[in-house]
Structures are given as C-alpha cells and as structure tokens.
Amino acid sequence: MLVKAYGAHAADKPLEPIGITRRAPGPHDVQIEIAYCGICHSDLHQVRAEWEGTLWPCVPGHEIVGRVSAVGAHVGAFREGDLVGVGCIVDSCRHCADCGDGLENYCDGMIGTYNFPTPDAPGHTLGGYSQRIVVDERYVLRVTHPEAQLAAVAPLLCAGITTYSPLRHWGAGPGKKVGVVGIGGLGHMGIKIAHAMGAHVVAFTTSESKREAAKTLGADEAVVSRNPEEMAAHAKSFDLILNTVAAPHDLDALLVLLKRDGTMVLVGAPASPHPSPNVFNLITKRRSIAGSMIGGIAETQEMLDFCAAHGITSDIEMIRADEINEAYERMLKGDVKYRFVIDSASLAG
Ligand code: NAP
Ligand code: ZN
Ligand code: ZN
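Residues numbered from 1 in each chain as written. Chains lettered and ligands numbered in written order. Predicted model: local features only at pLDDT ≥ 70, side-chain atom pairs only at ≥ 80, totals over all residues. Heavy atoms only, no water.

1. Notes on the state of the cysteines
Here's step 1: For the structure on display, the rule yields zero disulfides.
Here's step 2: Here C58 is not cross-linked by a disulfide; its sulfur's nearest cysteine counterpart is in C37, at 12 Å. (Disulfide = S-S within 2.5 Å.)

Pasting the structure below:
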C-alpha cells in the first residue's frame, strides 16, 4: 500500500514529500492511520547524519498517535477504531533477558521505528512523518487520554517515556530534589512528570525567557545555568539531575550540585562527546553519572496511564508537514514551547 510521507534523500537535503509503501497487516499486525507525529531532536540528529549510520531515504518520526484501521487475524488487544500510539520501538528479539524483563529498549535486537533493518521495502524502517504505519501489536500502546488531547499526547511516546523511565528508576518522589536540565521537548515533560511524582523540581535553562515558564510547567524553582551565583546556591543539594541537553557542555558545573550519592542521568545524545568531567567531582561525594534510553513497552503504557491519570500532556505547536524544515531550524534555536507536532492530515494535500 502506497502512502504519503515526508523524508530526506541525503544529509544535506531538506525533507520533502516522498511516497513509501506499508505492508498489508500480517496476523499479529495493527494498521494505524497516523493522526499526529511529534518532532524529536533525535529526528534531526538522524536525518542530518549527525549520528552514524543513517539509511536513505530517511523518514523520521517516533512520537506517533492515531486510530486503528485494520487488525490481523490473531490480534487480541486492539480493534478497528481504537486510539493508539507507537513510540521508538517496533520490534525486538523477544527472547533475551532484556526482552524478558520488559526492557525491549535495551535489547540488542531492538528495531527502532525508523532507520533499523526490516524485511519491508526499502529494507529499513520508516517512521511517523507519514499517513500510516503497520506495527506488531506487542509494540502498540493504548491511548487513554481524552481524544481531544490526542495531538498533545504524541510527544509522550518518546519525550514522555525517556524522562519517566529514569525518574522512576532513580526514585524521583516526595522528599527528593530533582533537577531537569534543558527545557525543550524532553525537559518540559521531565518537569511535569517529576512534579506529578511528588519531587521538589528545579529547572535548569540557558534561556532567561524560560525561567518563569518553567514554573508554570511545575518546577518549584528555576535556575539560569549561565549565572554562576544562581548555580552555587544549589551546591551539593540534588538527589538526581536529569540532563536532556542536545549539545556537548560542561558536566562539572552540574555534578557539583549533586549531594553525596547523587546521580546525574544523561539522556541527551549530542553528536560529539561532552568534555570529560573532573574525576574529583565524582570520588569526593561518591557521585554517579548514568545514562538511560527511552523505556520498555510495558513501562511506556504505565507512563501513558500515569499521564492520563494526572492530566499530563505535552505543550505543543502544531505544524503542517511542509513546515518541518523550518521547525528544525527553530528547534535548534530553542524557539519552540515545547514540541512541534505534525498534523498528518496535511500530508494528503
Ligand atoms: P530539544 O527540544 O531541542 O531540547 C533540548 C534543550 O537543551 C534545549 O531546549 C535547550 O534548553 C538545551 N540546549 C540546547 N543546546 C544547548 C547548549 N548548547 N547548551 C546548553 N543547553 C542547550 O531536544 P529534545 O527533543 O528534548 O532532545 C534532547 C536530546 O535528547 C537530543 O540530543 C535527543 O537526541 C536526545 N534524546 C535521547 C533519548 C534517549 O532515549 N536517551 C530520547 C529522545 C531524545 P534551554 O533553552 O532550556 O537551555
Ligand atoms: Zn525521540
Ligand atoms: Zn531481546
């Protein structure tokens, strides 16, 4: 089945309309008419080949929501008309320890929603900047928010789970002081979710204009990280810092804000490495630097249900598909509050 999509044919080319094929649903497949797809900074990193191994054509998009239009004969959990989501994962090996633990995101055989090998044409997966997607039911999520919020739910499928998972894993909650660094797509979700978990949340931003905005998202305090005195006021006080920054930066300035045994979790995935941190900032307070990648399927469903129960969605700016290239430039300037979402209906035109 031919469907319309938006993608790029090379790293130095803009995204443009492109025709792609989707397989007919197999026995375990769910066919989804995509209503909205969020724009993650990872899409930009991949389509501009800032990370290694981009396959062409590249159709990004892994914050997908829509409605089921057909199901295979053996699909049990979904039926035509259901509101569903697809995040960053469309398959995995299904038998390793990570898959067994429901952590398909750490499976060596994980198949990402775009840029991963598949038997389908053209030989690699193509993502959500498209009208339709066909996914095995094991990797499809149920949307439990009201339908009117559907567009604002899309970013939860990556930005939501990528922040929820480490916040849960490292125990964000009452009595914990949690920093969220970089108030973009991921960071603004991190603030909302950490606040809903009951933590004391401090937002770190390089943008003075986001200082007050961070508080309306749920931050108890906001710090402009370029200001050394403001940073010093929080020395040795954090249990956890969730760092979402998409560019290399000085990790020491944040490490010294952790108290003894505190952890800074890196989720930002810049194209080039951060400068090495000073080892003394780790050993003198038994501090840790950790990393975390998206989340497992069961945990993603848990996150969606948690967000629905707490009335949490993303703050979005809706765009047409022909505005994607401009949206990328604005995202690079930090000029979006806080996530662009593509109205998939605009692909038809
Ligand atoms: P985004 O919307 O562009 O937000 C990134 C934020 O980082 C910006 O809004 C800005 O916040 C801050 N920032 C950017 N450049 C900076 C610089 N040079 N110095 C200091 N701060 C800077 O991006 P996103 O979609 O949230 O993604 C963030 C990163 O996470 C990307 O690298 C993406 O690839 C990665 N990611 C990782 C995972 C994972 O599984 N680990 C999943 C999704 C995305 P302020 O204006 O507040 O300073
Ligand atoms: Zn993403
Ligand atoms: Zn596996």
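Let us keep going from here.
2. A word on the pairing of strand β10 (residues 177–181)
Here's step 1: In terms of burial, β10 is largely enclosed, as five of its five residues are buried.
Here's step 2: Of the two faces of β10, the one holding K177, G179 and V181 and the one holding V178 and V180 are both buried throughout.
Here's step 3: In the sheet, β10 pairs with strand β11 (residues 200–205) via five bridges, with the strands oriented parallel. Across the sheet, G179 pairs through a bridge with V202, a residue of β11.
Here's step 4: Between β10 and its parallel partner β11, the chain crosses via helix α5 (residues 185–197), and the hand of that crossover is right-handed.
Here's step 5: Relative to strand β13 (residues 238–243), β10 runs parallel, the two being bridged by four bridges. Residue V178 lies in a different strand from β13, and its bridge partner there is L240. (Buried < 20%, exposed > 50% of the residue type's maximum accessible area, 1.4 Å probe, protein only. Helix = DSSP H or I, 4+ residues; strand = E, 2+ residues; numbered from the N terminus. Pairing = 2+ DSSP bridges. Right-handed = clockwise from strand over helix to strand, strands pointing away.)

3. Regarding the coordination of the zinc ion (ligand 3)
Here's step 1: At the metal site, the zinc ion (ligand 3) is ligated by C93 (SG), C96 (SG), C99 (SG) and C107 (SG), and these contacts range over 2.3 to 2.4 Å.
Here's step 2: One can describe the site at the zinc ion (ligand 3) as tetrahedral: its four donor atoms subtend angles covering 103 to 118° at the metal.
Here's step 3: One chain supplies every donor to the zinc ion (ligand 3), and in sequence these donors are spaced C-x2-C-x2-C-x7-C. Of this pair, C96 sits in the loop between β6 (89–91) and α2 (97–100) while C107 sits in the loop between α2 and β7 (111–112); the two residues are eleven residues apart in sequence, bridging distant segments of the chain.
Here's step 4: Since its relative accessible area comes to 22%, C96 is described here as partly exposed. (Donors = N, O, S within 2.8 Å, 3.2 Å for Na, K, Ca; no water. Tetrahedral: all angles 85-135°; square planar, octahedral: opposite > 155°, others 65-115°.)

4. Some words on the pairing of strand β5 (residues 83–86)
Here's step 1: Neither face of β5 is open: one carries L83 and G85, the other V84 and V86, and all of them are buried.
Here's step 2: Pairing geometry for strand β4 (residues 64–71) and β5, over four bridges, is antiparallel. Bridging from a neighbouring strand, R67 pairs with L83 of β5.
Here's step 3: Note that β5 and strand β9 (residues 141–142) share two bridges and pair antiparallel.

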